[in-house]
Amino acid sequence: MNILVIFTGGTIGSSVSGTTISTNKSNTYLLLDMFKKATNKNINFKTAEPYYALSENNTGKNFEMLISYISNALNKNYDGIIITHGTDTLQYTSAALSFAFGSNTIPIMVVSSNYVLTDKRANGLQNFISAVDFIENKCGNGVFVSYQNTNDKPYIHRASRLIAHAEFSDDVYSINNQYYGYFNGTDFIKNKNYNAKKDEIAPFNKTVFNTHSEDIEVINSYVGLKYPKVNEKWKAVIIKAYHSGTLCTDDESFCSFAKELKEKNIPCYISGAKIGTVYESATVFDEYNLKILPFASTISQYIKIWFAIQNNIDFNEIMNLSLGEDILF
C-alpha cells in the first residue's frame with residue numbers, strides 16, 4: 001500500500017509555545033510515528049510539503065501550489081493521497097480539490113485536527129487513521145474529508161459538500177447532513193441516504209489562481225446591511241440568503257444595488273434560496289435577474305465560480321451541472 005502524505009501545516013502540523021500556536025514541521029514525523037504506534041500497519045508513506053502555513057493564511061496561490069503538486073503525483077503509483085490541513089479553511093481547499101480532480105480519481109483525503117497532536121483532546125490521529133482505512137479498503141474514488149466530531153464517530157464527507165463551521169465550534173458537517181459514510185471501528189458504513197449525480201462536466205484543468213478572488217463579491221445577509229458600491233470589474237456577485245432563502249428586498253439599498261448589477265450585466269447569484277414556494281420577499285429575484293444557485297454548499301459554489309472565471313468559462317452554462325458530487329439534487 002503506497003500513500004502520498006502531503007503536509008501543508010494547520011493545527012495538525014503545529015505545536016504550542018506558551019499561549020501561541022504555530023506551525024512546526026517536526027510534527028509531520030510525529031503524526032506518522034503516532035499512526036505506526038496506534039495501528040502497527042505496514043504502509044509505505046511518501047511525504048511532501050509544497051507549502052507549510054496556518055490555513056487561515058491561505059490564498060489562491062496555496063490552491064495553485066497544492067493542485068499542481070497533486071496533478072503531478074497522480075501520474076505515479078499511489079493507492080491514495082492524504083493532505084493534512086488546518087480546520088479554518090478546510091472547506092475551501094476541499095472544494096478546490098473536488099473541482100480540480102472530480103470524483104473519479106484515486107482517493108484524495110483531506111484531514112485536520114481540532115487541537116495540536118500532543119493534546120489528548122485532538123482528533124487528528126483518528127482522522128488520519130480513518131483516511132488510511134478508507135484508502136486501504138477501497139471505499140470510494142475522488143476527494144473526501146475524514147473528520148471525527150466531538151464525542152462522535154469518524155465520518156467521511158464528500159469534500160465538495162462541507163458547510164461553514166458554527167461559531168466557536170470545530171465540528172465538521174456536510175450540507176443537509178449528506179455525509180458520505182462513517183467508520184464503525186475499521187468497518188466503513190456508507191450513508192444509505194447519500195445521493196449524488198455523476199460528474200456532468202470535466203474537472204477544471206487550469207490551476208493558475210490569482211492570490212485574491214477580486215473578481216467575485218460575496219455578501220452575507222444581516223440586519224442593517226447596506227449594499228456596497230458596484231465595482232464594474234466584478235465578474236460575479238454572490239449573496240448568501242437567510243436560512244429560509246430570503247433577503248431584505250424591501251430596501252432602497254438592495255433595490256439600487258440589484259438594479260445596477262442588472263444594468264451592468266454583472267451576474268448575481270443567490271445562495272441558500274429555494275425554487276418553488278417562496279416568501280414574498282423572494283418574488284423580486286426574477287425582476288432583477290438574480291439567479292438561484294443549486295442545492296449546494298455556499299463555500300463550494302464560491303470556489304466553483306472562482307474556477308470558472310479562471311478557466312474563462314461562463315458559469316451560467318455549468319451552474320446546475322454536478323462536479324465532484326457538489327450538487328445534492
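Anything mentioned here points back to the structure above.
What you see is a predicted model; the values in this text were computed from it and never measured. (Residues numbered from 1 in each chain as written. Predicted model: local features only at pLDDT ≥ 70, side-chain atom pairs only at ≥ 80, totals over all residues. Heavy atoms only, no water.)

**Details of helix α4 (residues 124-136)**
Here is step 1 of the chain: With 13 residues, α4 extends 18 Å from end C-alpha to end C-alpha; this agrees with the ideal 18 Å at 1.5 Å per step.
Here is step 2 of the chain: Burial runs high along α4: 11 of the 13 residues are buried.
Here is step 3 of the chain: All of the buried residues along α4 are Gly 124, Leu 125, Asn 127, Phe 128, Ile 129, Ser 130, Ala 131, Val 132, Asp 133, Phe 134 and Ile 135.
Here is step 4 of the chain: Among the residues trailing α4, Lys 138 stands out with phi positive, at a value near 50°. (Helix = DSSP H or I, 4+ residues; strand = E, 2+ residues; numbered from the N terminus. Expected span 1.5 Å × (residues − 1). Buried < 20%, exposed > 50% of the residue type's maximum accessible area, 1.4 Å probe, protein only.)

**A few points about the packing of helix α1 (residues 27-39) against α4**
Here is step 1 of the chain: The contact between α1 and α4 brings their axes to 10 Å, and the two run at 70°. Judged by the inter-axis angle, α1 sits roughly perpendicular to α4. Considering only the axes of α1 and α4, their crossing is right-handed. From α1, Leu 31, Leu 32, Met 34, Phe 35, Ala 38 and Thr 39 reach across to α4, where they touch Gly 124, Leu 125, Phe 128, Ile 129 and Val 132.
Here is step 2 of the chain: Class assignment of the residues belonging to the contact of α1 with α4 gives a composition of nine nonpolar, two polar and no charged. (Axes fitted to C-alpha atoms, helices over the stretch in contact; angles between N-to-C directions. Parallel < 35°, antiparallel > 145°, perpendicular 65-115°, else oblique. Left-handed = near helix turned anticlockwise from the far one by under 90°. Contact = heavy atoms within 4.5 Å. Nonpolar A, V, L, I, M, F, W, Y, C, P; charged D, E, K, R; others polar.)

**Examining the environment of Pro 228**
Here is step 1 of the chain: Looking at the secondary structure, you find Pro 228 in the loop between β11 (216-220) and β12 (236-240).
Here is step 2 of the chain: Placed 25 residues apart in sequence, Pro 228 and Ser 253 show a C-alpha to C-alpha distance of 8.6 Å.
Here is step 3 of the chain: With residues up to four places along the chain from it excluded, the contact list for Pro 228 reads Glu 217, Ile 219, Trp 234 and Phe 257.

**Some points on the sheet that holds strand β6 (residues 108-111)**
Here is step 1 of the chain: With mixed pairing, eight strands are arranged side by side in an open sheet as β4-β1-β5-β6-β7-β8-β9-β10. A strand with exactly one partner marks an edge of an open sheet, and here the two such strands are β4 (44-48) and β10 (187-190). Neighbouring strand axes in the sheet, compared pairwise and without regard to direction, differ in orientation by 25° on average.
Here is step 2 of the chain: Bridge count between strand β7 (residues 143-148) and strand β8 (residues 154-158): five bridges; the pairing is antiparallel. Looking at β8, one finds that Gln 148 is bridged to Pro 154.
Here is step 3 of the chain: Where helix α3 (residues 90-101) meets the sheet, it contacts β5 (80-84), β6 and β7, and its direction lies at approximately 155° from that of β7. (Pairing = 2+ DSSP bridges.)

**What to know about helix α2 (residues 60-73)**
Here is step 1 of the chain: Here α2 is 14 residues long and its end C-alpha atoms lie 20 Å apart, about the 20 Å a rise of 1.5 Å per residue gives.
Here is step 2 of the chain: Residues of α2 that are buried include every one of Gly 60, Asn 62, Phe 63, Leu 66, Ile 67, Ile 70 and Ala 73, and no others. Around the axis of α2, the buried residues are gathered within 150° of arc, so they sit on the same side.
Here is step 3 of the chain: Packing partners of the buried residues in α2 comprise β1 (2-7), β5, α3, β6 and α6 (298-310). (Arc of directions from axis to C-beta.)

**Section: the side chain of Gln 91**
Here is step 1 of the chain: Note that Gln 91 resides in helix α3.
Here is step 2 of the chain: With relative accessibility at 3%, the residue Gln 91 sits in the buried group.
Here is step 3 of the chain: A distance of 3.0 Å separates the side chain of Gln 91 from the backbone oxygen of Ile 163, its partner in a polar contact. (Polar contact = N/O pair within 3.5 Å; in protein donor to acceptor, adjacent residues only side chain to side chain.)

**Quick word on the nonpolar core**
Here is step 1 of the chain: Judged by nonpolar contacts, the single largest core of 47 residues is most densely connected at Ile 70, Ile 83, Leu 97, Ile 303 and Phe 307.
Here is step 2 of the chain: Leave out the neighbours within four places in its chain, and Ile 70 touches Ile 6, Ile 81, Ile 83, Leu 97, Phe 101 and Ile 108.
Here is step 3 of the chain: Ile 12, Phe 45, Val 111 and Tyr 180 belong to the second largest nonpolar core, which has 28 residues in total. (Core = buried A, V, L, I, M, F, W, Y, C linked by side-chain atoms within 4.5 Å.)

**So, the pattern of salt bridges**
Here is step 1 of the chain: Within the structure shown, the criterion is met by 10 salt bridges.
Here is step 2 of the chain: In this structure, the salt-bridge partner of Lys 304 is Asp 326, at a minimum N-O distance of 2.9 Å. Highlighted residues: Lys 304 in helix α6 and Asp 326 in the segment after α7 (315-318), separated in sequence by 22 residues.
Here is step 3 of the chain: We classify Lys 304 as buried; its relative accessible area is 0%.
Here is step 4 of the chain: On the basis of relative accessibility, which here comes to 0%, the residue Asp 326 falls in the buried class. (Salt bridge = Lys/Arg side-chain N within 4 Å of Asp/Glu carboxyl O.)

**Topic: the packing of aromatic side chains**
Here is step 1 of the chain: As enumerated under the stated definition, the model contains 26 aromatic pairs in all.
Here is step 2 of the chain: With 5.8 Å between their ring centres and 85° between their planes, Phe 254 and Tyr 288 make a pair best called edge-to-face. Residue Phe 254 is found in helix α5 (residues 252-263), and its partner Tyr 288 is found in the loop between β13 (268-271) and β14 (291-292); the two are separated by 34 residues along the sequence.
Here is step 3 of the chain: According to the relative accessible area criterion, Phe 254 is buried, its value standing at 0%.
Here is step 4 of the chain: What links up through ring pairs into an aromatic cluster is the set Phe 63, Tyr 92, Phe 99, Phe 204, Phe 209, Tyr 302, Trp 306 and Phe 307.
Here is step 5 of the chain: Between Arg 121 and the ring centre of Tyr 115, over which it is positioned, the NZ or CZ distance is 3.9 Å.
Here is step 6 of the chain: The ring of Tyr 182 carries the charged tip of Lys 153 above its face, separated from the ring centre by 5.0 Å. (Phe/Tyr/Trp six-rings, centres within 6.5 Å; stacked < 30°, edge-to-face > 60°. Lys NZ or Arg CZ within 6 Å of the ring centre and 35° of its normal.)

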